[in-house]
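Breakdown of the fold
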Amino acid sequence: MSDLGCIHRSVAAERPDSPTVLLLHGTGGDENDLIPLAQDVAPGAALLTVRGKVLENGMPRFFRRFAEGVFDIEDLKVRTDELARFVEGARREYAIAGPLFALGYSNGANIASTLMLTRPGVLAGGVLLRAMPTMQIEEKPDLAGVPVLLAAGRRDPIVRVEQSLALQEMFEACGAELSLHWHEGGHELGADDVAVASRWLGVAMNSRS
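Quick look at the structure, then. In this text the structure is predicted, and so the values were computed from the model without any measurement.

All right, on to the pattern of salt bridges then. Considering all chains together, one arrives at 16 salt bridges under this definition. With a closest N to O distance of 3.7 Å, glutamate 74 and lysine 77 form a salt bridge. Here the residue glutamate 74 and the residue lysine 77 both occupy positions in helix H2 (residues 73–93), the gap between them amounting to 3 residues, near one helical turn. Under the relative-accessibility criterion, glutamate 74 is labelled exposed at 54%. In this structure lysine 77 comes out as partly exposed when scored by relative accessible area, which is 34%. With its nearest N and O atoms 3.2 Å apart, the salt bridge here joins aspartate 81 to arginine 119. With aspartate 81 in helix H2 and arginine 119 in the loop between helix H3 (107–118) and strand E9 (125–129), the pair connects residues that are 38 residues apart, well separated along the chain. A relative accessible area of 26% means that arginine 119 is categorised as partly exposed. Counted as one network, the salt bridges with shared partners bring together Lys53, Arg64, Asp72, Asp75, Arg79 and Glu82.

Let's shift gears to the packing of aromatic side chains. Applying the stated criterion to the full structure yields 1 aromatic pair. Its end group placed over the ring of phenylalanine 63, arginine 61 keeps NZ or CZ at 5.2 Å from the ring centre.

A separate point is H3. Here H3 spans 16 Å end to end across 12 residues, near enough to the 16 Å set by a 1.5 Å rise per residue. Here H3 lies mainly inside the structure; 11 of its 12 residues are buried. Taken residue by residue, H3 has Asn107, Gly108, Ala109, Asn110, Ile111, Ala112, Ser113, Thr114, Leu115, Met116 and Leu117 as its buried positions.

Turning to the packing of H3 against helix H4 (residues 161–173), a few remarks are in order. Between H3 and H4, whose axes approach to 11 Å, the crossing angle comes to 25 degrees. In terms of orientation, H3 lies roughly parallel with respect to H4. H3 and H4 meet at a crossing whose hand is left-handed. The residues of H4 that touch H3, namely those facing Ser113, Met116 and Leu117, are Leu167, Met170 and Phe171.

In this section: the pairing of strand E10 (residues 147–153). With 7 of 7 residues buried, E10 lies mostly within the body of the structure. Here E10 shows two buried faces, one formed by Pro147, Leu149, Ala151 and Gly153 and the other by Val148, Leu150 and Ala152. Pairing analysis gives 4 bridges linking E9 to E10, with the strands arranged parallel. Pairing of leucine 129 across the sheet is with alanine 151, part of E10.

What follows deals with the sheet that holds E9. Pairing within the open sheet is mixed, and its 7 strands lie in the order E1-E3-E2-E8-E9-E10-E11. With partners counted over all chains shown, the strands left at the sheet margins are strand E1 (8–11) and strand E11 (177–183), one partner each. Between one strand axis and the next, the sheet turns through 15 degrees on average, direction left out of account. Taken together, the 5 bridges between strand E2 (residues 20–24) and strand E3 (residues 46–50) define a ladder with parallel strand orientation. Paired with leucine 23 across the bridge in E3 is threonine 49. Across the sheet, H3 lies against E2, strand E8 (100–105), E9 and E10, angled at about 145 degrees from E9, the strand it touches most.

Cut-offs applied
Per chain, the residues get numbers from 1 upward, laid out in the order the sequence is written. For a predicted model such as this one, the threshold for reporting local features is a pLDDT of at least 70, and the threshold for listing and counting side-chain atom pairs is 80 or more; totals across whole chains, interfaces and linings nevertheless cover every residue. The side-chain values count all of the structure's non-hydrogen atoms but skip hydrogen atoms and water molecules. Take a side-chain nitrogen of Lys or Arg and a carboxyl oxygen of Asp or Glu: if they are within 4 Å of each other, that pair is a salt bridge. Each helix corresponds to a stretch of at least 4 residues labelled H or I by DSSP, and each strand to a stretch of at least 2 residues labelled E; elements are numbered beginning at the N terminus. Three labels apply to residues, based on accessible area from a 1.4 Å probe with only protein chains included: buried if under 20% of the type maximum, exposed if over 50%, partly exposed otherwise in between. The pairing test for Phe, Tyr and Trp rings, Trp by its six-membered ring, is centres within 6.5 Å, and the orientation test on the planes gives stacked under 30 degrees, edge-to-face over 60, and tilted for anything in between. In this analysis the charged atom, NZ for Lys or CZ for Arg, is taken to sit over a ring once it is within 6 Å of the ring centre and within 35 degrees of the ring normal. Residue count minus one, scaled by 1.5 Å, sets the expected span of a helix. Note on method: axes are straight lines fitted to C-alpha atoms, helices fitted across the in-contact stretch only, with angles between N-to-C directions ranging 0 to 180 degrees. Any angle that is under 35 degrees is reported as roughly parallel, and any over 145 degrees as roughly antiparallel; angles of 65 to 115 degrees are reported as roughly perpendicular and all others as oblique. Crossing chirality is assigned from the near helix's rotation relative to the far helix, an anticlockwise turn below a right angle marking it left-handed and a clockwise turn marking it right-handed. It only takes one pair of heavy atoms within 4.5 Å for two residues to be counted as in contact. Pairing between two strands is assigned when DSSP locates at least 2 bridges connecting them.

What follows is the structure in structure tokens.
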């Protein structure tokens, strides 16, 4: 635990003008899990990676749930605010001046989407791998021009197709520039997810650097 309140790592960029990618792991992961993926998707980028503070049977998560796909909404709100404060503190501590993009998988993608929908401006955009809607948004934020990539699995037993489409509609209703990629498999990631995320993030980061 650091004075930022979360176990985390910061990996310096290979060039000083590179945008920063915030890595948010899935259930049971930690702050190291997505670094190899990020190095494939965003080679040379600065990385800020954080471990979820909630434990479920010893497995780190970013917020509590009552069952698969049934979330503790009050805890989700608290943890989303905590993550926003962590990002703000990390910007100061690591002198992150440029845009910050999320790369999240499963539970990490869920809190990334919630952060974008409830705290607009904290993130410049994000890659959401196997995300689902987490809660009803009372007031639609203005996400005009915010790039979002949603990578979903057609045979995902955890995130149903209709949930992926519902999340797409939520972002589009707020004006986000949403791209939807369908992986033909399930909740696991495929080489196609990595290739699409790499191309998409390269364009998104260059357009906002």
